[in-house]
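What the coordinates show
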Amino acid sequence: MGNCIQIFVFLSLIVVVSSISIPTTLDGPFEPVTSPLDQIKFRGLAVDLPESDPRVKRRVEGFEPEQISVSLSATEDSVWISWITGDFQIGEEIKPLDPTSVASIVQFGTNKSNLTHKAVGSSLIYNQLYPFEGCLNYTSGIIHHVRLTGLKPSTKYFYKCGDPSLLPMSSIHSFTTMPASSPQNYPRKIAIVGDLGLTYNSTSTIEHMRSNEPDLVVLVGDVSYANLYLSNGTGSDCYSCSFGDSPIHETYQPRWDFWGRYMEDFISETPIMIVEGNHELEEQVHGKIFEAYKSRLAFPSSESGSNSEFYYSFNAGGIHFIMLGAYTSYNQSGEQYKWLEKDLEKVDRSVTPWLIATWHAPWYSTYRSHYKEAECMRVEMEEILYSYGVDVVFNGHVHAYERSNRIYNFSLNPCGPVHITVGDGGNRENLAISHADDPGNCPDPLTTHDPKLGTAFCAKNFTEGPAKGKFCWDRQPEYSAYRESSFGHGILEVVNETHALWTWHRNQDLYNSAGDVIYIVREPEKCGFKTNLKKNEEMDILASCI
């Protein structure tokens, strides 16, 4: 019966493609297109929600749970439930809460009226401290993380969280586990978004996203944008422009709480997976960084063999996701690269045919903003991702939308991944509009280095192709298939082991329309990649396209 369903779905796919002429990557490479939309008209309202907005205000009392979220473990039989109890404190004098004073318990089951299972987790608090006069310190509420195990795939579970001895617990929420890993099983829809923030544009993005009813959300970095504020709550679209004399790059940590409160209705029932961006760095006393990111979010790091919150992997049905860290060591001699090698070696493409990689800063963006900024990471990691046949790469960072043709080492390659930048989630820094190939817009190579991405300098002139000897193309590069400066999000619908529908949705469009549509088609028999088969034999499928 299952094979009949798969055949029907595939035949339906063929009919749909032919009837409405949705292109596929097999039709490429495509001629580069830049959207002719009026960029000013479609900027929306890049203004943060104020503290007075009821959607970000605390709606609970005492130690009742808030900011509840679900995230995945490495496999479909487990998820993480996270929440916060107690309120944050901010000021010159703060007294951290005792995380051991409140238990971390989740009651769950498949029957809403009979939550027969119980899981116990751990709790913590974090501080954001600034050793300078006039700066305000912050201490969080108690953050809880509980891992639920022994779950069945594709099953709806109900749960409530909190400490039963400190009633009330949370209201009852639900989530649905991922399908079992198999070339026949996939989440129905996966939402991909980056650089979200908490502006009125962000709320439009989330409203559009929720209308698509995704089974999973992947956020490719830059979450709350708390670091666009001084610790007293004064914000700016450009921190360095407004607060250049600040002795340290301050943050206003309550923006994280506002973000968690706004998102709770959505992500307490739809799992969300996040990887760090540059706005999560958040330096504080003693050189500590990324404390909010590491403390507030749950990651399947240990379950996927990683010892870091900055990189990990997980399965979602027949897809293996690799979440990489652009703001930690990515050198081939480093821990992340060694973990990546081991993780890729374990991927069984007969079980999870699709291999998707994400990180924050893109390797292939033609916008002037952040142009070639992550070139050192590309130099270190592109070859191994290509050799294992990564199908799609998702990035953020650049506040615009762009989809590439299949590419490897800046050359068109029918076996290279499709790179998609979705850094247009809605943050207050607004949209990137200028392209590096626009007349007079090519940046000085020396200005493209970001020390947050490493100390080395790798951005160089092209050594071959139409832009040989130049740092930028003088027209939209051939590897850029489509680009547009509008806020929005993307939806990935994997149909079977070779076909996936990608749609990008602009905020200004109707809920059921898409601004960019394409079928991404895998060709495993044509393209060579390393793979680990069920017999644990490593095999090289000869490539015809290298």
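Residues numbered from 1 in each chain as written. Predicted model: local features only at pLDDT ≥ 70, side-chain atom pairs only at ≥ 80, totals over all residues. Heavy atoms only, no water.

1. What about the packing of helix H2 (residues 200-211) against helix H4 (residues 254-267)?
In contact at an axis separation of 11 Å, H2 and H4 are set at 5° when each is read in the N-to-C sense. Classed by the angle they form, the pair H2 and H4 counts as roughly parallel. Of H4, the residues touching H2 (which contributes Thr203, Ile206, Met209 and Arg210) are Tyr262, Met263, Asp265 and Phe266. Of the residues belonging to the contact of H2 with H4, the class tally is 5 nonpolar, 1 polar and 2 charged. (Axes fitted to C-alpha atoms, helices over the stretch in contact; angles between N-to-C directions. Helix = DSSP H or I, 4+ residues; strand = E, 2+ residues; numbered from the N terminus. Parallel < 35°, antiparallel > 145°, perpendicular 65-115°, else oblique. Contact = heavy atoms within 4.5 Å. Nonpolar A, V, L, I, M, F, W, Y, C, P; charged D, E, K, R; others polar.)

2. Looking at the packing of aromatic side chains
For any pair of aromatic rings, the description rests on two quantities: the centre-to-centre distance and the angle between the ring planes. Applying the stated criterion across every chain yields a total of 26 aromatic pairs. Ring geometry for Tyr401 and Tyr482: centres 6.1 Å apart, planes at 55°, overall tilted. Separated by 81 residues along the polypeptide, Tyr401 in strand E20 (residues 401-404) and Tyr482 in strand E24 (residues 480-484) bring together distant segments of the chain. Site record: aromatic cluster; members linked through ring pairs are Phe290, Tyr293, Phe299, Phe310, Tyr312, Phe314 and Phe321. Lys372 extends its terminal NZ or CZ atom over the ring of Phe462, reaching a point 3.7 Å from the ring centre. Lying across the ring of Trp354, Arg522 places its NZ or CZ 5.8 Å from the centre. (Phe/Tyr/Trp six-rings, centres within 6.5 Å; stacked < 30°, edge-to-face > 60°. Lys NZ or Arg CZ within 6 Å of the ring centre and 35° of its normal.)

3. Describing the pattern of salt bridges
A side chain with one charge can pair with a side chain of the opposite charge if their charged atoms come near. Counting across every chain of the model gives 22 salt bridges. Put simply, Arg147 and Glu303 hold a salt bridge, and the shortest N to O gap is 3.8 Å. Of this pair, Arg147 sits in strand E10 (residues 142-148) while Glu303 sits in the loop between helix H5 (291-296) and strand E16 (312-316), and the two are 156 residues apart along the sequence. Overall, the relative accessible area of 34% leaves Arg147 in the partly exposed class. What you see here is one network of salt bridges that share partners, running through Asp48, Asp237, Arg255 and Arg428. (Salt bridge = Lys/Arg side-chain N within 4 Å of Asp/Glu carboxyl O. Buried < 20%, exposed > 50% of the residue type's maximum accessible area, 1.4 Å probe, protein only.)

4. Description of the sheet that holds strand E12 (residues 173-176)
One open sheet holds the 4 strands; their spatial order is E6-E5-E11-E12, and the pairing between them is antiparallel. Strands with a single pairing partner mark the edges of an open sheet, and in this sheet they are strand E6 (117-120) and E12. Recorded for the sheet is a direction-independent mean angle of 30° between the axes of neighbouring strands. Across 5 bridges, the pairing between strand E5 (residues 105-109) and strand E11 (residues 156-162) is antiparallel. Within E11, the residue paired with Gln107 across the bridge is Lys160. (Pairing = 2+ DSSP bridges.)

Worth remembering: the numbers are spatial, not functional.
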